[in-house]
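# Coordinate analysis (summary)
Residue-level listing of the chains:
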Amino acid sequence: MFVPMATPSQASAAAMELGQKLVNVIEEYRRQHPGMTGEDIRLALRIASQHSAGASQRIRMLTILTIGLLVAGLLAFLMIAQR
């Protein structure tokens with residue numbers, strides 16, 4: 001049995017909407033796959049969460065790399081300009 005966690009009082013409208021969509025998808029999937037357990041659902045949500053976190057981490061690393069390259073380029077330009 002899947003038991004949803006309490007909704008934070010300060011959840012954004014987008015978070016509330018996504019949460020409801022997830023509930024709808026899970027309910028539809030359970031109708032199509034009656035043998036699905038609560039543990040299956042928890043694992044699926046964990047997998048989805050890890051996938052989402054991995055994408056965020058890649059974006060963060062790309063941003064840091066881009067800033068580093070810009071700083072290195074600026075320093076190189078300043079060193080050449082001082083000659």
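Every value quoted in this text rests on a predicted model; they were computed, and no experiment measured them.

### What about the overall build of the protein?
Within the protein one finds two helices and zero strands. Buried residues in the protein amount to 6% of all 83 residues. When the accessible area of the protein is evaluated, it comes to approximately 7,400 Å², of which 67% is carbon and sulfur surface.

### Some remarks on the pattern of salt bridges
Evaluation of the coordinates by the stated rule reveals three salt bridges. The partner of Arg31 in a salt bridge is Glu28, and the shortest N-O contact between them spans 2.8 Å. Taken together, the residues Arg31 and Glu28, both in helix H1 (residues 13-32) and three residues apart, mark about one turn of the helix. For Arg31, a relative accessible area of 57% corresponds to the exposed category. Glu28 gets classed as partly exposed once you look at its relative accessible area, which sits at 34%.

### As for a nonpolar patch on the surface
Where nonpolar side chains cluster on the molecular surface, the patch consists of Ile67, Val71, Leu74, Leu75, Phe77 and Leu78 and spans about 580 Å² of accessible area. Inspection of the secondary structure puts Ile67 in helix H2 (residues 38-81). Taking relative accessible area as the criterion, Ile67 reaches 48% and is therefore assigned partly exposed.

### Digging into the layout of surface pockets
There is about 160 Å³ of room inside the second largest pocket. Surrounding the second largest pocket, Leu22, Val25, Ile26, Tyr29, Met36, Ile41, Ala44, Leu45 and Ala48 form its lining. Broken down by secondary-structure element, the contributors of at least two residues to the lining of the second largest pocket are H1 and H2. Partitioning the lining of the second largest pocket into residue classes produces nine nonpolar, no polar and no charged.

Calculation criteria
Residues numbered from 1 in each chain as written. Predicted model: local features only at pLDDT ≥ 70, side-chain atom pairs only at ≥ 80, totals over all residues. Heavy atoms only, no water. Helix = DSSP H or I, 4+ residues; strand = E, 2+ residues; numbered from the N terminus. Buried < 20%, exposed > 50% of the residue type's maximum accessible area, 1.4 Å probe, protein only. Areas by Shrake-Rupley, 256 points an atom, 1.4 Å probe, with all protein chains shown as cover. Salt bridge = Lys/Arg side-chain N within 4 Å of Asp/Glu carboxyl O. Patch = residues over 30% accessible without salt bridge, like charges linked within 9 Å, V, L, I, M, F, W, Y side chains within 5 Å. 1 Å grid on protein atoms, 1.4 Å probe; cavity = no way out; pocket = protein on both sides within 12 Å on 5 of 7 lines; lining within 4 Å. Points joined across faces, edges and corners; volume = space filled by probe spheres on them. Nonpolar A, V, L, I, M, F, W, Y, C, P; charged D, E, K, R; others polar.

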